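# Notes for the structure review
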Amino acid sequence: MKNLKVFSESRAAVNLQAESEELLVSALDVEQNRIFFASSANIIYGINLSASQGGLFITSGLLGAPNFTSGECKGLPISSFYVLILLCKEMQWTINLCLQSELGLPPILEAEDRITGLDYLIEQEALIVGTSTGDLVLVVPTSNTVDVVGKVEGGVKTIASSPDGALLIVATGFGQLLAMTQDWDVLYEVSYDLDNNLETFMSGTRADGISGLSSPFSQVRVSWRGDGKYFATLGCSGNSEGLQRLRIWERESGTLHSSSEPKDFMEAAMDWMPSGAKVAAACNTSKTKNCASVAFFERNGLERGSFDIYGTTEAKIEMLKWNCNSELLAALVRYDEWSSIQIWSFSNYHWYLKQEWRYLGKNKLMFAWDPERPMRAICWTAYGLVHLLTLCWSSAVYDASIAIVIDGVNVLVTPLSLSLVPPPMSHFNIMFQSAVQSVAFTSRGLESHLAVGLSDGNLSIVKFPNMNMWDQLEGTVYETVNVDPGSLIKIEFGDLRHLTWLDPYVILGVMHCDGDQTSLYSDFISNNWRKCPLMSGGNNGVSILVEMELVCNNVEEVEPGCLSSSGWVVKSSMHTVIESSVVAIAANPMTRCEAFIQLGNGDIVSYMSKEGINIAPAELYKEKRSNLKGFLSYCPWMYPIPVYDYGKLKVLIFGLDEDGRLQVNGQVICSTCTSFSFYASAAGKVQEVVTHLIYTTRQDLLIVANIDEIFHGDVHYESMGNGQSPVGFGNKLQGENKLIREGNHDELKVWERGAKLIGIINGDEAAVILQTVRGNLEVIYPRKLVLLAIAGALVDKRFKDAVSLVRQHRINYNIIVDYCGWQSFVEAASEFVRKINNLSHITEFVCALKHENVMETLYKDILLPNHQDNKIECGSQIFLSNTDSPLEFGNQTIIKRLEPGNEIVSKNCKVRAVLEAVRKVLEEEVSKSPARELCILTTLACNDPPELEEALKRIKKWRETEIASTMNEVDGGLHKLNLSAEEALKHLLWLSEPDAVFHAALGLYDLHLAAIVALNSQRDPKEFLPFLQELENMPSPVMCYTIDCKLCRYESALKNIAAAGDAYFEECLQLMKSNPKLFALGLDIFKDVGKRAVILEAWGDHLFSEERFEEAAMAYCSTCSFQKALGSFRAGGLWKEALTMAGMLRLTTDEVSSLANDLCEELQALGKPAEAAKIALGYCKDVQGAINLLLTAREWLEALRIGFLYDMGELVKSQVKLAAIECANLLILEYEEGIEKVGKYLARYLAVRQRRLLLAAKLEMEGKAKEDVDDDTFSETSSNISGMSAYTLGKASNASGNLSTSSTGSHVRTRIRTRRKVHGGKIRAGSPGEEFALVEHLQSMVLSSRAQEELKLLLEALLLLGEEDVARKLQSFAARYQSCQLAAVKDAEDKLAEEQADGTAGTKNKNADNLKKLGVSDTLCWQWEMLSPP
């Protein structure tokens, strides 16, 4: 759905040198952008076509043609004997061919000769000229040379070079086709009219008296296919009935490939589509259709389709031209009183007349497309008036999603929200008296008007009825009456462009004219004319802004629901002259009677009704309205939109230029945009505000962008070339050769290449309408817009609309609860149920509820929850803001801060709280609508956990009511609705697992209900009937106990079996043993002392089996089972309690001594030698054994004290001295090896780190990201560094970072193995984690606080024993080891900290903080100052 409009135009006039001179043929130079004309006076004119911002125009000076009358070419008379060439050189056309008398050159053309063919040869950069006498003249503009390269018999009819310029086809007057190379060699010669022979042509006589040119061949047309492999010809004498054939020829051999059936072709108007699909040819069908037509032929000569030309029977098609991309077909049609150029377009199997330009009078008219720019057209008259038009496609979808498509005299109107049909179908049709050029639609309030600019210069206004009544117009065709043009000035080539409504009765348009033509209006510039000089660069003439105030004088009442177009006249008009071209006009959406005008250089100015152009500085205007920054280049597509900026309503102006750059505020959002539109989430309370920009790209992506992000400058600049080229975030999404990000909801892949965005249906519909290349319409619903529409409905508490959107687009139902918070929903539950008023929809909602907060998971990247602090509300608009105060527009507050929601205490409360709130509302009206009972059952079944028992209770009560109603013959409400308890039960079974419902029925101890559930759940009676019968035969408590055990309800089972009597105590005890958690409940149930003792002893046995020995012993003690208590204490290593229990049992001395010996051995096995020493000394009286145990426990001083206490001082002193010296020597060796290992580990760490940094620098130079390289690559370091065998334990396999002072190496080795197991084992050279494993290992080698305490006690014992030298040496090695280890750790951590500060460590430093948590003590409190060196 698109219309074709003229957004830029410019004109020029060729200064013809003779009064009767006419332009005949033309040729285009694509490379130098110029066009050449050959006139009837044998003069060739050349003009330069240039481009500027704001449109296309012809170079100033009007070709720089020399003025022959002013003496500029004095002595050079105008003569038809010579060719006068005017070429552009430094803005002047200076090449002339002089007379023979002055230059000594022979004449080139004969007196009766004239130019009949002209083409430009790209390879030779020259013009080839063909004459009626057969001369072929080569004109080289750059070298000022003219050569006659050949002569053909019969004269030249036409010249056509191949697309590659390698071959030239010349059609002669004798019906021959000559194929020539660039060297002017003839490849072949064939006859293009096989129906006649050469003698027929030779005998003919021209109308002008020149023999050799047969009159039937007055026109011949040659057209090449785009690839140059074939060419077509049309134009010959025809058969006796005047019918001709379209012939297709092969390029290489000149063989006739195919020909069409004889047909009445018209004026040799034929052109081959550049894409090669079809050949268009004009046919005379006035006898059958009363009009001319255009037929299409395939390469095989078969006709494939046609369309009729708009007009009467006298219409004649003189020329057909395809544009370079085969999208548009131009037809030059001549009528009795005017000539017109019609632009046709094909879509959806229909040909549309999109534009018609009329030229009054009988002047000969010609037309050409720009060979490289498909939307640039050039037309000129025979008397030298040249008109350049630049076209563009505009969206045919206007306000309120109304599609208005131009199709010749018809305007196809379709409200997309009511009827989504593609053209040529429409909701209704409006027919006008002449072809439509432009349309403007406005819909403000209840009034809707359509302004239509017609090709005959008239303006027609159509008033539409209220949109609510448009459904009555379906299929109707309405004919309009033209508006009285009033004071409109008729200017040739001055059609009214850019029609824009400023108000329902004020319209603004633009007329274009050249600078010289403004003198024509000097007499009219009075009170209603204003002149506004605006610089736009270049000589584009002037533009006249025409503002018209319309009034409808139709006093007749119009029937409701009908269109009206009569009685419209121009009440007043105002004209403003601008010395600039106008590219686009768009009404201000915020203010009536104001519009934005884009000038030729991209600047934007404001126009106020009855005031004219506002040329105030942009800064002053910005304070009033918005930022009026212009565009970087002219943008034919310009749309201003209202947006909110921190609560203030402003205007953003978007523009799209021909290169696909989408611009706003002087910045580029996307450089590959193909179409764009806007979405407003809903109609606000005061003003509809746009929230999102939607656009498509050349990569076939549909991107949804938040206006708030665009408005606040989420656009970056990338350096390109020598300057700064603004590039928006759209380029980040597209990227160069980048894949679409998975899970990104801001962009969608368009399924069909080339599809364009044509419209958006705003509000809750949230529909994006795309039109494919072939013409059909497709509607998609971007998830982001749908969620925004749902959010708006929820904020406005339009729950019915929200649920409808959720169901239609399959959105997760939880958004209804999670968007505003479940607490807020619970408060509005009553309103929710009342507005939905559909039990099926409520049931769907209830079944979909989950504890998951979808605003934090599923939709967290698309939509922010409404209960966040940075969320504001604007009518139905939801977006982010940083403002804290209420904002007002007029007298109404339209934006308010939403209070933050209460914090959720527990996520598990959501489902239960929501369902209880809904169920409470439903229960209030169950009596009025018993069908709500099913919905209530749904809330119970879907609860978490499901309340199936409560649901079954309701069903049971329901059935009892049914039975009572039946017995009393009361026709209750349940029967009126044909509802029954059985249906309710089936509904519950459908919602839940049948087994769960059956178990819930058993849990009610209602066997009859359980049987009903089993039957309705399709259970096999053989499975459940015997079980139910067995239960029925049991006593009630035992039945309940059995059911509880089956349902794993053990607490209830214990209570029920306990109530069965003492005979079932054994079952109670077995139940507690199988479920130990029931012991406490059993003690609470049974009060009998004997039974409690049995329960406690059983509990103690369970605790003992779980190795909870102390608790088991306490349980045994409470039942006076002291022997079991003693065993529990011994098993737990509690020697004090065990010996106490021996006293409680009144054991003999020998028994106690034996027990003490056993305990001493058990404690040694448990690694508690110090505790064993106390038992050996106190109970076994073994002093020597106690001293040995103390030495094993490294209690040096305590061993000396005990020895001196029992008069064994010298013996003990020698033993302690030997053990202490041995331990000290072992530690000295360990510290020495530790120092060496610390050095090797640190050296290895520095080498690995240096290798990683070098590799990272190399990757950075190669342009790779570190994240793209595996960790193995970073750690690929050679392990052949000297000394790296230190990764093994080396000589002293018991060396460890956590050195101890044990007198035996076994304890040290055990701790080393345990610690290495905890830290992951060996450090593997070259492994990914080697670097950080080294640092971690260095930190783990620190002297622990326990090791320092043991070391201090050892030093003290050595000093007491007189071994000062050993103590000094031990302290020296320990201090050196500690200093070395602390320095190495500090060095490693400092380097890690430097990398973190520089940001070079990347993700590999993520463990640095964890490493510091290990902590390193730098205290030296264990050292003795007397042993320290001076």
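Data block above holds the structure.
Source: prediction; values computed, not measured.

### A closer look at the overall build of the protein chain
Of the regular secondary structure elements, the protein chain holds 39 helices and 65 strands. Within the protein chain, buried positions represent 53% of all 1430 residues. Restricting the contact set of the protein chain to residue pairs at least 6 apart, pairs at least 24 apart contribute 57%. In the structure as shown, the protein chain presents an accessible area of about 65300 Å², 50% of it carried by carbon and sulfur atoms.

### Some words on the packing of helix H28 (residues 1135-1144) against helix H29 (residues 1149-1165)
Running from N to C, H28 and H29 point in directions that differ by 165°, and their axes come no closer than 11 Å. Here H29 runs roughly antiparallel to H28, going by the angle between their axes. For the pair H28 and H29, the sense of crossing is right-handed. Mapping the contact onto sequence places Trp-1135, Ala-1138, Leu-1139 and Ala-1142 in H28 and Leu-1155, Leu-1159 and Leu-1163 in H29. When the residues that make up the contact of H28 with H29 are grouped by side-chain class, the tally is 7 nonpolar, no polar and no charged.

### What about the nonpolar core?
Within the largest apolar cluster, 73 residues are counted, with the highest numbers of intra-cluster contacts made by Trp-1196, Val-1216, Tyr-1231, Leu-1351, Leu-1354, Leu-1358 and Leu-1370. Ranked by size, the runner-up nonpolar core spans 62 residues in total, among them Ala-802, Cys-820, Trp-822 and Ile-842.

### A closer look at the sheet that holds strand E45 (residues 582-587)
Overall, antiparallel pairing links the 4 strands, which are arranged E45-E46-E47-E48 in an open sheet. If you trace the sheet from one side to the other, it starts and ends with E45 and strand E48 (612-614), each paired once. Adjacent strand axes in the sheet meet at a mean angle of 30° when their direction is disregarded. Pairing of strand E46 (residues 594-599) with strand E47 (residues 604-608), which is carried by 5 bridges, proceeds in the antiparallel orientation. Within the sheet, the bridge partner assigned to Phe-596 lies in E47 and is Ser-606.

### Concerning the state of the cysteines
Summed over the entire model, instances satisfying the criterion amount to 0 disulfides. Note on Cys-1120: no disulfide assigned, nearest cysteine sulfur contributed by Cys-1117 at a separation of 8.5 Å.

### Side note on the pattern of salt bridges
As a working rule, side chains carrying opposite charge can pair if their charged atoms are close by. In this structure the tally under the stated criterion is 47 salt bridges. The shortest N-O distance in the salt bridge between Lys-2 and Glu-327 comes to 3.3 Å. Here Glu-327 lies in the loop between strand E25 (316-322) and strand E26 (328-334) and Lys-2 lies in strand E1 (residues 2-13), a separation of 325 residues in the sequence. For Lys-2, a relative accessible area of 33% translates into the label partly exposed. In this structure, Glu-252 engages Arg-251 in a salt bridge whose closest nitrogen and oxygen atoms are separated by 3.6 Å. Residue Arg-251 is classed as buried on the basis of its relative accessible area, which comes to 13%. Three or more residues are tied together by salt bridges with common partners; here these are Asp-764, Asp-796, Arg-798 and Asp-801.

### Examining the pairing of strand E23 (residues 293-297)
Most of E23 is tucked away: 5 of the 5 residues are buried. Judged by which residues are buried, E23 turns out to be covered on both faces: Ser-293, Ala-295 and Phe-297 on one side and Val-294 and Phe-296 on the other are all buried. As defined by bridge partners, strand E22 (residues 279-283) adjoins E23 across 5 bridges and the pair is classed as antiparallel. Across the sheet, the residue bridging to Ala-280 is Phe-296, located in E23. Relative to strand E24 (residues 303-308), E23 is paired through 4 bridges, and the arrangement is antiparallel. Bridge pairing in E24 links Phe-297 to Glu-303. In this structure, the hairpin formed by E23 and E24 is closed by a connection of 5 residues, where Gly-301 is found at a positive phi of approximately 90°.

### Focus: the sheet that holds strand E28 (residues 350-360)
The antiparallel open sheet is built from 4 strands, whose spatial order is E25-E26-E27-E28. Only two strands of the sheet have a single partner each, and these edge strands are E25 and E28. Averaged over neighbouring strand pairs, the angle between their axes works out to 20° when direction is ignored. Inspection of the sheet shows strand E27 (residues 338-347) paired to E28 by 10 bridges, in the antiparallel sense. Within the sheet, the bridge partner assigned to Ser-345 lies in E28 and is Tyr-352.

### Regarding a negative patch on the surface
Judged by side-chain charge, Glu-31, Glu-123, Glu-125 and Glu-372 come together as a negatively charged surface patch. Looking at the secondary structure, you find Glu-123 in the loop between strand E9 (115-121) and strand E10 (126-131). Given the relative accessible area of 55%, Glu-123 is considered exposed.

### Let's talk about helix H27 (residues 1122-1131)
When we look at burial in H27, the residues that qualify are Ala-1125, Leu-1126, Ser-1128 and Phe-1129. For H27, the angular spread of buried residues about the axis comes to 165°, placing them on one side. On its buried face, H27 sits against helix H25 (1089-1105), helix H26 (1109-1118), H28 and H29.

### Quick word on the packing of helix H23 (residues 1065-1074) against H25
Where H23 contacts H25, the axes come no closer than 10 Å and their chain directions differ by 25°. In terms of axis orientation, H23 runs roughly parallel to H25. The interaxial crossing formed by H23 with H25 has right-handed handedness. For the pair formed by H23 and H25, the contact residues are Phe-1065, Leu-1069, Met-1072 and Lys-1073 on the first element and Lys-1091, Val-1094, Ile-1095 and Ala-1098 on the second. For the contact of H23 with H25, the per-class residue count stands at 6 nonpolar, no polar and 2 charged.

### Quick word on the environment of Ser-1128
Locating Ser-1128 in the fold gives a position in helix H27. The spacing of Ser-1128 and Tyr-1116 is 12 residues in sequence and 8.9 Å in space, taken between C-alpha atoms.

### Quick notes on the pairing of strand E14 (residues 168-172)
Extensive coverage of E14 is indicated by the burial of 5 of its 5 residues. Taken together, the 5 bridges between strand E13 (residues 156-161) and E14 define a ladder with antiparallel strand orientation. The partner of Ile-159 across the bridge, within E14, is Val-170. Between E13 and E14, which pair antiparallel in sequence order, lie 6 residues; one of them, Gly-165, sits at a positive phi of approximately 75°.

### Some thoughts on the environment of His-512
In this structure, His-512 sits in strand E41 (residues 506-513). For His-512, a relative accessible area of 4% translates into the label buried. Between the C-alpha atom of His-512 and that of Val-582, which follows or precedes it by 70 residues, the distance is 8.4 Å.

### Description of a nonpolar patch on the surface
Together, Leu-1197, Leu-1353 and Leu-1360 make up an exposed nonpolar region whose accessible area comes to about 230 Å². Examined against the element boundaries, Leu-1197 turns out to sit in helix H32 (residues 1196-1205). The class of Leu-1197 is partly exposed, set by a relative accessible area of 31%.

### Comments concerning unusual backbone geometry
Here Pro-423 and Pro-424 are connected by a cis peptide whose omega angle stands at 10°. With respect to the helices, strands and loops of the structure, Pro-424 is situated in the loop between strand E34 (410-415) and strand E35 (428-431). Asp-944 connects to Pro-945 through a cis peptide bond whose omega is 0°. Although it is not a glycine, Asn-348 adopts a positive phi angle of roughly 55°. Positionally, Asn-348 belongs in the loop between E27 and E28. Taking relative accessible area as the criterion, Asn-348 reaches 18% and is therefore assigned buried. Although it is not a glycine, Tyr-1005 adopts a positive phi angle of roughly 60°. The exposure class assigned to Tyr-1005 is partly exposed, which follows from its relative accessible area of 28%.

Conventions and cut-offs
- Residues numbered from 1 in each chain as written.
- Predicted model: local features only at pLDDT ≥ 70, side-chain atom pairs only at ≥ 80, totals over all residues.
- Heavy atoms only, no water.
- Helix = DSSP H or I, 4+ residues; strand = E, 2+ residues; numbered from the N terminus.
- Buried < 20%, exposed > 50% of the residue type's maximum accessible area, 1.4 Å probe, protein only.
- Contact = heavy atoms within 4.5 Å.
- Areas by Shrake-Rupley, 256 points an atom, 1.4 Å probe, with all protein chains shown as cover.
- Axes fitted to C-alpha atoms, helices over the stretch in contact; angles between N-to-C directions.
- Parallel < 35°, antiparallel > 145°, perpendicular 65-115°, else oblique.
- Left-handed = near helix turned anticlockwise from the far one by under 90°.
- Nonpolar A, V, L, I, M, F, W, Y, C, P; charged D, E, K, R; others polar.
- Core = buried A, V, L, I, M, F, W, Y, C linked by side-chain atoms within 4.5 Å.
- Pairing = 2+ DSSP bridges.
- Disulfide = S-S within 2.5 Å.
- Salt bridge = Lys/Arg side-chain N within 4 Å of Asp/Glu carboxyl O.
- Patch = residues over 30% accessible without salt bridge, like charges linked within 9 Å, V, L, I, M, F, W, Y side chains within 5 Å.
- Lys, Arg positive; Asp, Glu negative; His and termini not counted.
- Charge placed at Lys NZ, Arg CZ, Asp CG, Glu CD.
- Arc of directions from axis to C-beta.

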